Amino acid sequence: MTNPTALVRKPYTPKEAVERLRHGDLGAWPVAGALIVIAIVFGSLNEHFLSSENLTNLALQMAATGTISLGIIMVLLLGEIDLSAGSVSGLCAVVMAILSERLHWNPLLAILAALVAGALVGLLHGLMFTRIRMPSFVVTLAGLIGWQGLLLYLLGSGGIINLPFDGFVAKLSDTWLPAWAAWTLTAGLVAVYAASGVISRRRRVAAELPVTAMWWLSARVGGLAVVLAGAVLVMSADRGVPLLLVIFGTLVVVFDLILRHTTFGRWMYAVGGNVEAARRAGINVTRIRVLAFVLSSVLAAFGGILSASRLSAVNQGSGGSDILLMAIAAAVIGGTSLFGGRGRTYAALLGILVIQSITNGMFLLSVDSSVRYMVTAAVLALAVAIDSLARRGNAT
Amino acid sequence: MISARDISKRYGAVQALEGVSLDLAPGEVVALVGDNGAGKSTLVKIISGAVSPDSGGLFIDGEPVHVGNPHDAQRLGISTVYQDLALCENLDVVANLFLGSERRRLSFLNHIQMERSARDLLTSLDVRIRDIRVPVAMLSGGQRQSVAIARALIGEPRLVILDEPTAALGVEQTAQVLDLIRRLRERGLAVLLISHNLADVRAVSDRVVVLRLGRNAGEFRTADASQEAIVAAITGAAA
Ligand SMILES: Nc1ncnc2c1ncn2[C@@H]1O[C@H](COP(=O)(O)OP(=O)(O)OP(=O)(O)O)[C@@H](O)[C@H]1O
Ligand SMILES: [Mg+2]
């Protein structure tokens with residue numbers, strides 16, 4: 001491994017580091033900092049906040065809105081917006097509930113149908129955006145209202161469909177990994193991460209490309225191991241690692257790999273960065289855009305199903321209230337640029353963690369929701385301010 | 001040898017080009033000059049397939065070729081660097097160089113192969129960028145223009161068209177880009193350079209072709225021509 005001829009990429013000089021910061025390459029540091037502050041503040045104000053039980057609840061609460069937020073990131077990367085994600089999540093959850101409860105479909109089939117419904121909704125949005133050239137803001141604002149209307153229509157006068165507590169869907173959010181499974185998963189993830197790092201480093205050395213220093217790779221692997229092990233330890237002390245968190249985490253990782261390692265992902269970033277350049281490079285911009293809207297709606301649909309699973313019901317409020325704003329806020333707080341072309345799927349995970357911790361902490365402190373809204377708004381404004389400043393830095 | 005022969009193009013009432021001909025030989029830098037509205041960009045668009053001529057056409061080594069769209073042109077080895085850079089500032093140098101023609105297995109990017117080729121290409125062109133994995137937004141104007149030009153070489157073209165490559169650059173960065181153009185010539189490429197800057201034109205070109213009001217208005221060997229003669233052809237003072 002210690003090849004003497006290996007070119008080791010030098011760390012940035014302080015000047016270059018500042019330059020990178022000015023250009024908005026802050027990475028996950030502001031969010032990580034925010035999380036530490038949140039943990040300290042709420043942890044000291046309420047001894048229950050950092051308890052295993054509460055942190056496990058937090059993990060459980062994150063998954064649904066986090067998944068919707070992941071979808072939002074797909075359109076934000078193009079510099080567009082999807083305001084319909086909340087309504088679509090509710091609508092598709094209702095579709096799933098009607099198929100499985102009223103028509104007695106197999107629950108897996110019902111979920112699949114709901115996801116297809118989401119895909120069709122996204123396709124419609126995408127076509128209206130690309131073919132009719134309506135602004136995405138307007139298309140999805142119409143969607144926000146229209147799909148909510150369809151949801152109310154489908155639910156009819158009953159207004160609520162309960163999902164059986166022992167049914168497949170409800171079980172999704174009441175399944176916990178046994179300790180051995182959680183630890184195996186953790187070990188597996190760390191091993192795969194380390195192996196892929198080492199293999200790619202070897203291949204780079206073989207191709208005589210500069211590599212990052214070995215200590216940095218080790219530090220990253222170690223960091224991942226510590227974070228994952230810490231999370232598993234905390235949650236195992238309570239009910240265990242919730243399946244919902246594993247599902248959400250898998251989605252985040254899979255979409256990150258897709259975005260960074262496939263042509264589709266590369267082209268998403270390209271379209272978000274400079275549409276004209278992408279078009280001239282022969283990229284089918286329309287297809288990328290439509291796909292982004294489809295992904296957004298499918299992920300919203302899946303988030304809606306997870307949310308229905310938590311509630312064991314769908315009702316007129318499904319996908320309503322502040323879910324959409326939380327999902328958008330999470331994406332932006334996590335570091336996705338509103339101007340397109342910048343951001344990673346981990347933004348959904350980190351951003352929703354920030355928002356959900358604030359919500360959860362204030363709930364524990366019995367702070368009125370009026371204050372909670374204002375604090376969340378302040379955090380969102382701060383995130384957008386950082387984003388805007390970074391963009392200004394980019395322009396000069 | 002790529003030739004455009006007898007090209008005419010009319011936009012409504014404006015005769016943008018009328019019977020224009022142009023020869024582009026391997027290993028030669030041809031500068032296309034002319035006043036605003038002389039038809040330079042129109043001619044370039046026709047050669048690069050973005051616009052179809054009303055009459056006349058392209059010939060490669062004497063054979064007529066059909067160029068119906070930019071894709072055809074690229075397939076024939078005609079590569080264009082546009083005036084506005086057409087780079088994605090959020091992507092790194094490697095990603096920009098290979099944008100739209102990524103090396104891949106199935107749909108999966110072959111990062112290492114692309115980075116290796118990118119390094120080799122930039123080294124061979126003597127383009128110096130400390131870290132080619134940083135977003136293009138962090139590069140200087142000259143480096144960006146160099147990346148844009150290097151990008152035109154990815155498909156192994158025979159002709160590279162550069163539309164005002166030094167327009168937005170300072171003195172030192174202009175020198176960098178002119179050096180790069182010389183290196184394209186050394187590689188045996190035909191280069192068509194559009195520029196308003198006669199100093200650049202004289203510094204780097206082998207031949208100057210003048211357009212005036214959509215017609216050929218003179219052709220000079222750069223080494224033999226005086227600045228006055230070229231200016232006279234551009235303004236029509238000689239006629
Ligand atoms: N798409 C178009 N529609 C109508 N007229 C056009 C179009 N494109 C070019 N023209 C006209 O054709 C003529 C030649 O334009 P062209 O852009 O080729 O000139 P140019 O030599 O590139 O000028 P400049 O130095 O300003 O770039 C001009 O009179 C212009 O107005
Ligand atoms: Mg022009």
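Not measured: the values here are computed from a predicted model.

### Some points on the packing of helix H2 (residues 29-45) of chain A against helix H15 (residues 346-364) of chain A
All names here are of chain A.
Thought 1: Between H2 and H15, whose axes approach to 10 Å, the crossing angle comes to 15 degrees. Comparing the axis directions of H2 and H15 gives the class roughly parallel. The chirality of how H2 crosses H15 is left-handed. Taken together, the residues of H15 that come into contact with H2 (itself represented by Val31, Ala34, Leu35, Ile38 and Phe42) are Leu350, Leu353, Val354, Ser357, Ile358, Gly361 and Met362.
Thought 2: When its residues are assigned to classes, the contact of H2 with H15 shows 10 nonpolar, 2 polar and no charged.

### Considering the site of ligand 1
All names here are of chain B.
Thought 1: Every residue near ligand 1 is listed here: Tyr11, Val14, Ala16, Asp35, Asn36, Gly37, Ala38, Gly39, Lys40, Ser41, Thr42 and His196.
Thought 2: Between histidine 196 and ligand 1, the recorded distance is 2.9 Å, taken from a side-chain N or O atom to an oxygen atom.
Thought 3: Calculation on ligand 1 without its partners gives an accessible area of 640 Å², and the protein chains cover 61% of this total.
Thought 4: Here the shell around ligand 1 takes 3 residues from helix H1 (residues 40-47), the largest share from any one element.

### Brief notes about the interface of chain B and chain A
Thought 1: Contacts between the two partners involve 31 residues from chain B, matched on the other side by 33 residues from chain A.
Thought 2: Across the chain B/chain A interface, buried area totals approximately 2,800 Å², and carbon plus sulfur atoms make up 54% of it.
Thought 3: The tally of links from chain B across to chain A stands at 1 salt bridge.
Thought 4: B:Glu115 is paired through a salt bridge with A:Arg204; the nearest N and O atoms lie 2.8 Å apart.
Thought 5: Going through the elements one at a time, strand E7 (104-105), strand E8 (108-109) and helix H4 (111-124) of chain B are the ones with two or more residues in the side of chain B that touches chain A.
Thought 6: With 6 residues, H4(B) is the single largest residue contributor to the side of chain B that touches chain A.
Thought 7: Split by residue class, the side of chain B that touches chain A holds 15 nonpolar, 5 polar and 11 charged.

### Here we look at the side chain of B:Asp131
Thought 1: As for its position among the elements, B:Asp131 is in the loop between H4 and helix H5 (141-152).
Thought 2: Of the polar contacts made by the side chain of B:Asp131, one reaches the backbone nitrogen of B:Arg133; its length is 2.9 Å.

### Re the sheet that holds strand E1 (residues 2-11) of chain B
All names here are of chain B.
Thought 1: Strand order in the open sheet made by the 4 strands is E2-E1-E4-E5, with antiparallel pairing throughout. Across the chains shown, the open sheet's two edge strands, defined by having one partner strand only, are strand E2 (14-24) and strand E5 (63-65). If you compare each strand with its neighbour and ignore which way they point, the axes differ by 30 degrees on average.
Thought 2: Looking at chain direction, E1 and E2 are connected through 7 bridges and run antiparallel. When the sheet's bridge partners are listed, lysine 9 is paired in E2 with leucine 17.
Thought 3: Against the sheet, H1 makes contact with E1, E2 and strand E4 (55-60), and its axis sits at roughly 60 degrees relative to E2, the strand it touches most.

### Structural notes on the domain arrangement of chain A
All names here are of chain A.
Thought 1: One can read the domain layout of chain A as domain 1 (31-178 + 240-395) and domain 2 (179-239).
Thought 2: Once you take the C-alpha centre of each, domain 1 and domain 2 turn out to be 27 Å apart.
Thought 3: Taken together, both faces of the contact between domain 1 and domain 2 bury some 1,100 Å²; the carbon and sulfur share is 67%.
Thought 4: Of all residues in domain 1, Ser52, Pro178 and Gly240 give up the largest surface area on contact with domain 2, accounting jointly for 45% of the area buried on that side.
Thought 5: Counting the contacts that link domain 1 with domain 2 gives 0 salt bridges.
Thought 6: Linking domain 1 to domain 2 there are 7 residue pairs in polar contact (both at pLDDT 80 or more).

### What about helix H14 (residues 323-333) of chain A?
Residues and elements named next belong to chain A.
Thought 1: Most of H14 is tucked away: 10 of the 11 residues are buried.
Thought 2: Buried within H14 are the following residues: Ile323, Leu324, Met326, Ala327, Ile328, Ala329, Ala330, Ala331, Val332 and Ile333.
Thought 3: Within two residues after H14, glycine 335 carries a phi angle of roughly 110 degrees, on the positive side.

### Thoughts on the confidence of the model for chain B
Thought 1: In this model, chain B carries an average pLDDT of 90, and 99% of its residues clear a pLDDT of 70 or more.
Thought 2: Across the whole predicted complex the pTM is 0.88, and at the interface the ipTM reaches 0.88.

### A few points about the environment of B:Leu122
Residues and elements named next belong to chain B.
Thought 1: If you trace the backbone, leucine 122 turns up in helix H4.
Thought 2: Sequence separation of leucine 122 and arginine 215 is 93 residues, and the distance between their C-alpha atoms is 38 Å.
Thought 3: With sequence-adjacent residues up to four places away left out, leucine 122 is seen in contact with Val93, Leu97, Val127, Ile132 and Ala150.

### A few points about helix H3 (residues 52-76) of chain A
All names here are of chain A.
Thought 1: Across its 25 residues, H3 extends 34 Å between first and last C-alpha, which sits within 8% of the 36 Å expected from 1.5 Å per residue.
Thought 2: Along its length, H3 shows its largest kink, about 40 degrees, at alanine 63.
Thought 3: Among the 25 residues that make up H3, 20 are buried, leaving the element largely enclosed by the rest of the structure.

### Thoughts on the pattern of salt bridges
Residues and elements named next belong to chain B.
Thought 1: Overall, the coordinates contain 19 salt bridges over all chains when judged by the stated rule.
Thought 2: A salt bridge links aspartate 126 to arginine 128; its shortest N-O distance comes to 3.1 Å.
Thought 3: By relative accessible area, aspartate 126 is classed as partly exposed at 38%.
Thought 4: Overall, the relative accessible area of 66% leaves arginine 128 in the exposed class.

About the thresholds
- Residues numbered from 1 in each chain as written.
- Chains lettered and ligands numbered in written order.
- Predicted model: local features only at pLDDT ≥ 70, side-chain atom pairs only at ≥ 80, totals over all residues.
- Heavy atoms only, no water.
- Axes fitted to C-alpha atoms, helices over the stretch in contact; angles between N-to-C directions.
- Helix = DSSP H or I, 4+ residues; strand = E, 2+ residues; numbered from the N terminus.
- Parallel < 35°, antiparallel > 145°, perpendicular 65-115°, else oblique.
- Left-handed = near helix turned anticlockwise from the far one by under 90°.
- Contact = heavy atoms within 4.5 Å.
- Nonpolar A, V, L, I, M, F, W, Y, C, P; charged D, E, K, R; others polar.
- Near = heavy atom within 4 Å.
- Polar contact = N/O pair within 3.5 Å; in protein donor to acceptor, adjacent residues only side chain to side chain.
- Areas by Shrake-Rupley, 256 points an atom, 1.4 Å probe, with all protein chains shown as cover.
- Buried area = accessible area lost by both parts, 1.4 Å probe.
- Salt bridge = Lys/Arg side-chain N within 4 Å of Asp/Glu carboxyl O.
- Pairing = 2+ DSSP bridges.
- Domains from an automatic or database assignment.
- Buried < 20%, exposed > 50% of the residue type's maximum accessible area, 1.4 Å probe, protein only.
- pLDDT = per-residue confidence, 0-100.
- Expected span 1.5 Å × (residues − 1).
- Bend = angle between axes of the 7 residues up to and from the residue.

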